[in-house]
Amino acid sequence: MVIYIAGPYTAQEGKSVAQNIMAAEAVGKEVALLGHTPLIPHMNTAHWEQDDRFKSWTPEEIIERLCKPLIAKSDAILMMDGWAGSKGAKIEFEFVLGRSNIAIFHGLNQLKSQCGVAL
């Protein structure tokens, strides 16, 4: 399965953007080790907020223009720990609700459980 990794990107709760990107990357690596293809949007747009060409783009605009098309092509979305505190991850989650063709995993442990991996 192609699994979109959803979680905090913007610095919040004492974590920097770089730490959030690294956390998403770590989850993506675990997804790959389970035999799936991770899609990590954090890495696709890493630090674009520092590029003058994108400074006018709101987080919502980035999600609409760059993330939702990727989610729509995915087989599943994995909601990382802490996703509920992220405005962007909430938008991504709401986008998936009602789409029967995209599975939702609430954390890596739920995916591992479905894959038959002992927790």
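Everything here concerns the structure above.
Cut-offs applied
- Residues numbered from 1 in each chain as written.
- Predicted model: local features only at pLDDT ≥ 70, side-chain atom pairs only at ≥ 80, totals over all residues.
- Heavy atoms only, no water.
- Helix = DSSP H or I, 4+ residues; strand = E, 2+ residues; numbered from the N terminus.
- Rg over C-alpha atoms; globule rule 2.2 N^0.38 Å.
- Pairing = 2+ DSSP bridges.
- Right-handed = clockwise from strand over helix to strand, strands pointing away.
- Expected span 1.5 Å × (residues − 1).
- Bend = angle between axes of the 7 residues up to and from the residue.
- Buried < 20%, exposed > 50% of the residue type's maximum accessible area, 1.4 Å probe, protein only.
- Contact = heavy atoms within 4.5 Å.
- Salt bridge = Lys/Arg side-chain N within 4 Å of Asp/Glu carboxyl O.

Visitor: Mind laying out the overall build of the protein chain, listing which residues take part and the relevant values?
Guide: A count of helices and strands for the protein chain gives 5 helices and 4 strands. Reading the protein chain from its N terminus to its C terminus gives the helix and strand order β-α-β-α-α-β-α-β-α. Here the C-alpha atoms of the protein chain give a radius of gyration of 14 Å, agreeing with the 14 Å that 2.2 N^0.38 yields for 119 residues. Its C-alpha atoms put the protein chain at 45 × 30 × 20 Å along the principal axes.

Visitor: Describe the pairing of strand β4 (residues 103-106), and please don't skip the residues or the numbers.
Guide: Across 4 bridges, the pairing between strand β3 (residues 76-79) and β4 is parallel. Bridge pairing links M79 to H106 in β4. A crossover connection joins β3 to the parallel β4 through helix α4 (residues 87-96); in handedness this β-α-β unit is right-handed.

Visitor: Tell me what's going on with helix α3 (residues 59-72), and back it up with residues and numbers.
Guide: Between its terminal C-alpha atoms α3 stretches 18 Å, which fits the 20 Å expected from 14 residues at 1.5 Å a residue. At L66, α3 shows its largest kink, close to 40°, and the proline P69 lies no more than four residues downstream. Listed as buried for α3 are I63, C67, K68 and I71. On its buried face, α3 sits against β1 (2-6), α2 (41-44) and α4.

Visitor: I'd love a proper account of the pattern of salt bridges, names of residues and values included.
Guide: In a structure, side chains of opposite charge can pair up when their charged atoms sit close to one another. If you walk through the whole model with that rule in mind, you get 7 salt bridges. Salt-bridge contacts for K29 lead to E25; the nearest nitrogen and oxygen are separated by 3.7 Å. Placement of both K29 and E25 in helix α1 (residues 17-33) is noted, with a separation of 4 residues, approximately one turn of the helix.

Visitor: Account for the side chain of T45, with residues named and values stated.
Guide: Mapped onto the elements, T45 comes out in the loop between α2 and α3. Residue classification places T45 among the buried positions, given a relative accessible area of 13%. In this structure T45 touches Y9 and L66, once residues within four positions along its chain are discounted.

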